[in-house]
Amino acid sequence: MIGILIALISGALMSVQGVFNTQVTKASSIWAASAFVQLTALFVCLGAWLCADRSSFMNVLQVQPKYMLLGGAIGAFITYTVIKSMDQLGPARAVLLIVTSQLLVAYIIELLGWFGVEKQPFEWRKAVGMAVALAGIIIFKWK
């Protein structure tokens, strides 16, 4: 149950952050706004690490395979693409497409067992769920 609550909070925070970042971009530029977002995230994470964790920071570098360390770089492009999509589509449409894309890619990762994730069998109910999500996009965009 706590996992569901955390996921709902995450989704809400992502939507609010996207709107905030889009507004910051209007006052500066997309890369300046993205850099500011990543910098403030760094400060918050370092503060939380100092208060709550204090494990060896260098242990991060022991991860295998090394390409897993690209999460931060991917995060910079996530910030960029969220800002651009919200600016061009509006928050509701952008988030609908973002979440549906996340769901589709996550399911493919599970099916194929990519990136060290345990491979899952194909399930028709999940495929139907994805089809319903795609139908939702069509209905949502329908004018």
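All values reported here derive from a predicted model rather than from experimental measurement.

What counts, and where the lines are drawn
- Residues numbered from 1 in each chain as written.
- Predicted model: local features only at pLDDT ≥ 70, side-chain atom pairs only at ≥ 80, totals over all residues.
- Heavy atoms only, no water.
- Helix = DSSP H or I, 4+ residues; strand = E, 2+ residues; numbered from the N terminus.
- Buried < 20%, exposed > 50% of the residue type's maximum accessible area, 1.4 Å probe, protein only.
- Contact = heavy atoms within 4.5 Å.
- Areas by Shrake-Rupley, 256 points an atom, 1.4 Å probe, with all protein chains shown as cover.
- Lys, Arg positive; Asp, Glu negative; His and termini not counted.
- Charge placed at Lys NZ, Arg CZ, Asp CG, Glu CD.
- Salt bridge = Lys/Arg side-chain N within 4 Å of Asp/Glu carboxyl O.
- Disulfide = S-S within 2.5 Å.

Before going further, it helps to examine the overall build of the chain. Counting secondary structure elements, the chain contains five helices and zero strands. N-terminal to C-terminal, the α/β element order of the chain is α-α-α-α-α. Within the chain, buried positions represent 15% of all 143 residues. A fraction of 55% describes how many contacts in the chain between residues 6 or more apart in sequence connect residues 24 or more apart. Surface exposure of the chain reaches about 10,500 Å², of which carbon and sulfur atoms provide 74%. Positive and negative charge centroids in the chain, built from 10 and 5 side chains respectively, lie 11 Å apart.

Okay, unusual backbone geometry next. For residues other than glycine, phi is negative in most cases, and the peptide bonds are mostly trans. The omega torsion of the bond from glutamine 64 to proline 65 falls at -10 degrees, within 30 degrees of zero and hence cis. Within the fold, proline 65 resides in the loop between helix H2 (30-53) and helix H3 (71-89). A positive phi angle, near 60 degrees, is found at arginine 54, a position not held by glycine. Residue position: arginine 54 is located in the loop between H2 and H3. The exposure class assigned to arginine 54 is exposed, which follows from its relative accessible area of 60%. Located in the positive-phi region is phenylalanine 115, a residue other than glycine, with phi close to 60 degrees. Mapped onto the elements, phenylalanine 115 comes out in the loop between helix H4 (91-112) and helix H5 (124-141). Judged by its relative accessible area of 46%, phenylalanine 115 is partly exposed.

So, about the pattern of salt bridges. The full count for this structure, using the stated rule, is two salt bridges. In this structure, the salt-bridge partner of glutamate 123 is lysine 126, at a minimum N-O distance of 3.7 Å. Each member of the salt-bridge network shares a partner with another, and the members are Glu123, Arg125 and Lys126.

Right, let's get into the state of the cysteines. Scanning the entire structure with this criterion turns up zero disulfides. Looking at the unpaired cysteine 45, the closest cysteine sulfur is the one in cysteine 51, lying at 12 Å. With a relative accessible area of 74%, cysteine 51 lands in the exposed category.

By themselves these figures say nothing about function.
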